[in-house]
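What follows is the residue order along each chain.
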Amino acid sequence: MPWLVATGVTVLAAALGVTLTLRSGSAPACAAGRTLAAAPPTGNATHSGKASFYDSNGAGGNCSNPAAPANRLYVALGPTEYSAGAACGGFLDVTGPKGTVRVLIMDRCPECAPGHLDLSREAFARIADPVQGLVAVTYRAVVNPPLPGPLTFRIKEGASQWWFAVRVGNHGNPLRSVEVRQGDSGPWRSAARQEYNYWLLASGAGPGPFSVRVSDVYGNRATVDGIRMAPGQVQNSAVRMYARGAVAATPRQSATTRPPGNRPTGTPTPARRPVEVARASAAATDPPATSPAAANARWCAA
């Protein structure tokens, strides 16, 4: 029977070896039943990660901006932090070896892991030498950043009383909800966020004009009346999402029941960034800015 004992010991040792190997891996999996939650960076937490750069060629990215910002300081986030468009319109302060830059979240980087920021070439040059290609950074959300102007609204091409989609601009913080009503006294209807940063009512909102109520992730809320059914046009309002440093939103500005109908031909999701610059060779060889274990602990934290 000694051979049975020896065999048992060998099997046990092998099992323990597998267990030890799994436990000593460089990036242990999250606890059972827990996954990386898709959510944009918010609040005052500082995150560690890495940054590369690309060129949008002047286009407005997956967030459907009319164009890249005039200062060309913008960033694309990976799918987890882009969070199906929830990050669009927010700002990050990114700090690297040379300093800090503030960037508009404008785009999605499909290949970027959580913590990997793909900056514009101009933004990257503010924090590091572009020859490096990939650098360690820290970053955090900007809460209630200064606004470039009052809220803007753009109803999507193809919209009608039977199908409604609107993009909101100049909101500063990531948005939590957009509600629409026909006129200024009908019931509010919650629009559904689309990955390309339009808010959709698939069965329409009526012929207009509309009132639109916008809320952000920090509780700021603003209402704008008189938004016209004018597909493809940017409509400026006189309402700011919040006063600088305010906790609550600016009060409302100041636009009968929706007939049933069918949606017109669909409008496709915009293509991902049209042009990317080649990464420096360091991008393929440099280690991540944080160890896999640390990154896993950060994203798996309760």
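Residues numbered from 1 in each chain as written. Predicted model: local features only at pLDDT ≥ 70, side-chain atom pairs only at ≥ 80, totals over all residues. Heavy atoms only, no water.

As recorded in an unreviewed UniProt entry, the protein chain goes by the name Expansin-like EG45 domain-containing protein, listed as coming from Micromonospora arborensis.

### A short note on the overall build of the protein chain
Note the following rule: Only DSSP runs of H or I covering at least 4 residues are called helices, and only runs of E covering at least 2 are called strands; the numbering of each starts at the N terminus. Summary of the burial criterion: residues with accessible area below 20% of their type's maximum are buried, those above 50% are exposed, and those between are partly exposed, where the area comes from a 1.4 Å probe applied to protein chains only. Exposure was quantified through the Shrake-Rupley algorithm and a 1.4 Å probe, taking into account, for residues, occlusion by the shown protein chains and nothing else.
The helix and strand tally for the protein chain stands at five helices and 15 strands. Evaluated residue by residue, the protein chain yields a buried proportion of 44% over its 302 residues. Roughly 14,200 Å² of accessible area belongs to the protein chain as shown, and the carbon and sulfur atoms make up 58% of that amount.

### A few points about empty space enclosed by the protein
Rolled over the atoms, a probe sized like a water molecule indicates the empty space that remains. Where we set the bar: Both site types are read off a 1 Å grid over the protein atoms alone. A 1.4 Å probe that fits but cannot get out defines a cavity, while an open set with protein on both sides within 12 Å along at least five of seven lines defines a pocket; lining residues have an atom within 4 Å of a point. Grid points are joined across faces, edges and corners, and a volume is the space filled by probe spheres set on the points. The nonpolar class holds Ala, Val, Leu, Ile, Met, Phe, Trp, Tyr, Cys and Pro. Asp, Glu, Lys and Arg form the charged class, and all remaining residues, Gly among them, are polar.
Within this model, the largest cavity holds a volume of roughly 30 Å³. Together, Pro41, Gly90, Phe91, Leu92, Ile105, Ala141, Val142, Pro174 and Tyr218 line the largest cavity. Here the lining of the largest cavity is composed, by residue class, of eight nonpolar, one polar and no charged.

### Digging into the layout of surface pockets
There is about 500 Å³ of room inside the largest pocket. In terms of lining residues, the largest pocket is bounded by 29 residues, among which Asn65, Phe91, Leu104, Pro148 and Asn170 are the most central. Within the residue set of the lining of the largest pocket, elements represented by two or more residues are strand E4 (99–108), strand E7 (152–155) and strand E8 (164–169). Top element by residues in the lining of the largest pocket is E4. It accounts for four residues. Here the residues of the lining of the largest pocket sort into 16 nonpolar, 10 polar and three charged.

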